[in-house]
Amino acid sequence: MKVVLQNLTKIFPSRNKKSSEEVVAVNNFNYEIPDGKLIGLLGPSGCGKSTTLYMISGLQKPSSGKIFFGDDDVTELSTENRGVGLVFQNYALYPHMTVKQNILFPLQNLKKEDRLSKDEMLKRAYNAAKLVQIDNLMDRKPSELSGGQQQRVAIARALVKMPRVLLLDEPLSNLDARLRLQTREEIRRIQRETQITTVFVTHDQEEAMSISDYIVVMKLGVVQQIGEPQEVYDNPCNLFVAKFLGTPPINVFNGSIKGGKLFIGEDAVMDVAGVADQNVIVGIRPEGFILDENGPLHCNLRNLEVMGRDVSIVSDNAASVNPIIRSIINADNKIDPSKKCVRFSIKPHKIFVFNQETEERIQVEVK
């Protein structure tokens, strides 16, 4: 089931009695979510991702714009008539009910024309439980389950209705690191097996990039960039996207273009062509540094962090926006920790140039 968001906008009235200024939570969102794909809505708190999800679900009504499921305009439809499965951050399980009763609950509340027989409801409940691998826990109460198991119950409850669209609102944020990893792998497996169009909301870029077919990066209600995770990482359209994606985060420098050369401080790090002389912002991914005794970029060595397979070189540079620079290199490289200076060459596809005023990407021809 494809989902089409057409000029979707949500405006909330001001809560400040001294100001009548409205809050634009989502601003003119346009996107067609392909049938059977998992889409990650990604951004910091307050960017409008959850509000977008709630409008798709019908829990919130758009201020303007339309929502289509396939060719059906569902903008005015109530949540129960949209055919969506919704999984919340806090699981929202009924503590006095068993796992089986929690999963059955949505089916037991279907309207008369949609009611199923008791046997059919049980069959669906066990099929959903088996899909999320909790069919051996059906007689337990939520308090007897781990956090990851409770989240699986919530997913099974959403799937048992055979929804046209599955909506997940930060479903992993209450889990510890190991459970988060396991559960996100399960969500991806379930989505691939069911082929249900899924929208996954998260502020964790690693989560979104690891399981999404496409990611939508948002900031202050505005879509910044949409694309396949690796493509967005490799080709950010602006500084915000470049900084938001990546662990460790991208290194940012004040730079300039003079006479066809890109400078970081006094160091001419590479030749560029066809760009007017100007001050710019330069971003270099941590994995974009090449340890090179004759490299053009000079940094002051501060520390080495050995991570087994890789080594993180911690350094600083007067042109760096952040206090430290992190450079990830292969552990096979031998570095003298007593050195005061370390020099790098830069991988051309790991360096990005941005307009200093607009912070939009400047496409440069690297030589």
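A brief look at the structure comes next. (Residues numbered from 1 in each chain as written. Predicted model: local features only at pLDDT ≥ 70, side-chain atom pairs only at ≥ 80, totals over all residues. Heavy atoms only, no water.)

Concerning unusual backbone geometry
- Along the chain, T247 connects to P248 via a cis peptide bond; the corresponding omega equals -5°.
- Relative to the elements of secondary structure, P248 occurs in the loop between α8 (239–244) and β11 (251–258).
- At E170, a position not held by glycine, the phi torsion is positive, near 45°.
- Mapped onto the elements of the fold, E170 is located in the loop between β7 (165–169) and α5 (177–194).
- Accessibility expressed as a relative area gives 14% for E170, which makes it buried.
- Phi at E359 is positive, roughly 65°, even though this residue is not glycine.
- The residue E359 is located in the loop between β20 (351–355) and β21 (361–362) in this model. (Helix = DSSP H or I, 4+ residues; strand = E, 2+ residues; numbered from the N terminus. Buried < 20%, exposed > 50% of the residue type's maximum accessible area, 1.4 Å probe, protein only.)

Digging into the packing of helix α2 (residues 99–108) against helix α4 (residues 147–159)
- Orientation of α2 relative to α4, taken along the N-to-C sense of each, is 30°, at an axis distance of 7 Å. If you check the angle between α2 and α4, you find them roughly parallel. Handedness of the crossing formed by α2 with α4: right-handed. Residue-level contacts link V99, N102, I103 and P106 of α2 to V153, A156 and R157 of α4.
- Residue composition of the contact of α2 with α4, by class: five nonpolar, one polar and one charged. (Axes fitted to C-alpha atoms, helices over the stretch in contact; angles between N-to-C directions. Parallel < 35°, antiparallel > 145°, perpendicular 65-115°, else oblique. Left-handed = near helix turned anticlockwise from the far one by under 90°. Contact = heavy atoms within 4.5 Å. Nonpolar A, V, L, I, M, F, W, Y, C, P; charged D, E, K, R; others polar.)

Points about the sheet that holds strand β19 (residues 341–346)
- On the basis of which strands lie adjacent, the open sheet formed by five strands has the order β15-β19-β16-β17-β18 and antiparallel pairing. Two strands lie at the open edges of the sheet, namely β15 (289–291) and β18 (325–330), each paired on one side alone. Each neighbouring strand pair of the sheet contributes to a mean axis angle of 50°, computed without reference to strand direction.
- Note that strand β16 (residues 297–306) and strand β17 (residues 310–316) share six bridges and pair antiparallel. For N300, the partnering residue across the bridge sits in β17 and is D316. (Pairing = 2+ DSSP bridges.)

Some remarks on the layout of surface pockets
- The computed volume of the largest pocket comes to approximately 790 Å³.
- As for the largest pocket, its lining consists of 28 residues, and the residues nearest its centre are E80, V84, P106, L110 and K161.
- In terms of residue class, the lining of the largest pocket is built from 15 nonpolar, five polar and eight charged.
- Its volume calculated, the second largest pocket comes out at about 230 Å³.
- If one sorts the elements of the lining of the second largest pocket by residue count, β19 sits on top with three residues. (1 Å grid on protein atoms, 1.4 Å probe; cavity = no way out; pocket = protein on both sides within 12 Å on 5 of 7 lines; lining within 4 Å. Points joined across faces, edges and corners; volume = space filled by probe spheres on them.)

Here we look at the packing of α4 against α5
- Interaxial distance between α4 and α5 falls to 10 Å at its minimum, and their mutual angle equals 20°. Taken together, the axes of α4 and α5 lie roughly parallel to each other. Crossing hand, α4 versus α5: right-handed. For the pair formed by α4 and α5, the contact residues are G148, Q151, R152, I155 and L159 on the first element and L179, T183, E186, I187 and I190 on the second.
- Of the residues contributing to the contact of α4 with α5, the split by class is five nonpolar, three polar and two charged.

A word on the state of the cysteines
- In the structure shown here, the tally under the stated rule is zero disulfides.
- This cysteine, C47, is not joined by any disulfide, and C237 carries the nearest cysteine sulfur, 14 Å off.
- With no disulfide of its own, C299 lies closest to C341 among cysteine sulfurs, the gap being 7.6 Å. (Disulfide = S-S within 2.5 Å.)

Let's talk about the packing of aromatic side chains
- For the structure shown, the criterion picks out three aromatic pairs.
- Ring geometry for Y94 against F105: centres 4.8 Å apart, planes inclined by 55°, an arrangement best described as tilted. Here the residue Y94 occupies a position in the loop between β6 (84–87) and α2, and F105 occupies one in helix α2, the gap between them amounting to eleven residues.
- For F105, a relative accessible area of 25% puts it in the partly exposed group.
- The ring of Y233 is capped by R285, whose NZ or CZ atom sits 4.0 Å from the centre of that ring. (Phe/Tyr/Trp six-rings, centres within 6.5 Å; stacked < 30°, edge-to-face > 60°. Lys NZ or Arg CZ within 6 Å of the ring centre and 35° of its normal.)

Here's the deal with the sheet that holds strand β10 (residues 222–227)
- Across the sheet, six strands lie side by side as β6-β7-β8-β3-β9-β10; this open sheet has mixed pairing. What marks the edges here is a single partner per strand, and that holds for β6 and β10. Across the sheet, the mean angle separating the axes of adjacent strands is 15° when strand polarity is ignored.
- Against the sheet, helix α1 (residues 49–57) touches β3 (38–42), β6, β7, β8 (197–202) and β9 (214–219), its axis set at about 150° to β7.
- Relative to the sheet, α4 contacts β6 and β7, its axis offset from that of β6 by approximately 165°.

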